[in-house]
Amino acid sequence: EVQVVESGGGLVQAGGSLRLSCVVSGLNFKNYAMGWFRQAPGKEREGVSFISGDGSRVRYVDSVKGRFTISRDNTERTLSLQMHNLTTEDTATYYCAASIAGDTWMVITAPSDYDYWGQGTQVTVSS
């Protein structure tokens, strides 16, 4: 059974930081590209950041560039998202996802190419 388990969400003041984590089991983790998505109430799910299976390539949505850092540990089978200088616009449910599409050096950005999703963790940024 594949499990994708997220943690690290919470309430933080604007300008603060949070670190989200995602632990994946039941698949060959290094063969999967990973991504973080988020969804705010009434809005479509948005791709936030992506990383290739081997960790060599990353991509960020423009709104988080310079503030968020995605990383992975293929030994621990974990994915992380370090978030700094948070704003109220970052308030959303954040989802971890895994994709078998592509080669290990590719980043995958299309939600339809992701095979497994976590349950989501809530990030709330207060002003």
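Check the entry above for the structure.
Residues numbered from 1 in each chain as written. Predicted model: local features only at pLDDT ≥ 70, side-chain atom pairs only at ≥ 80, totals over all residues. Heavy atoms only, no water.

1. Things to note about the nonpolar core
To keep things clear, this is the line we draw: The criterion is simple. A nonpolar core is a set of buried Ala, Val, Leu, Ile, Met, Phe, Trp, Tyr and Cys residues joined through side-chain atoms within 4.5 Å. Summary of the burial criterion: residues with accessible area below 20% of their type's maximum are buried, those above 50% are exposed, and those between are partly exposed, where the area comes from a 1.4 Å probe applied to protein chains only. We call two residues in contact when some of their heavy atoms are within 4.5 Å.
Judged by nonpolar contacts, the single largest core of 28 residues is most densely connected at Met 34, Trp 36, Phe 68, Met 83 and Tyr 94. Those residues in contact with Met 83 that sit more than four places away from it in its chain are Gly 16, Ser 17, Leu 18, Leu 20, Arg 67, Phe 68, Tyr 94 and Val 123. Phe 37, Ala 97, Val 107 and Ile 108 belong to the second-largest nonpolar core, a separate cluster that totals seven residues.

2. Here's the deal with the packing of aromatic side chains
Note the threshold: Aromatic rings from Phe, Tyr and Trp, taking only the six-membered ring of Trp, are treated as a pair when their centres fall within 6.5 Å; an angle between ring planes under 30 degrees marks them as stacked, one over 60 as edge-to-face, and anything in between as tilted. Secondary structure elements are defined from DSSP: runs of H or I of at least 4 residues count as helices, runs of E of at least 2 residues count as strands, and each element is numbered from the N terminus.
Inspection of every chain in the model, using the stated rule, returns five aromatic pairs. Measuring from ring centre to ring centre gives 6.3 Å for Tyr 32 and Tyr 116, while their planes differ by 55°; the resulting arrangement is tilted. Of this pair, Tyr 32 sits in the loop between strand E3 (18–25) and strand E4 (33–39) while Tyr 116 sits in strand E10 (residues 116–117), placing them 84 residues apart in sequence. The partly exposed category is assigned to Tyr 116, whose relative accessible area is 32%. Among the aromatic residues, those joined into a ring-pair cluster are Phe 37, Phe 50, Tyr 114 and Trp 117.

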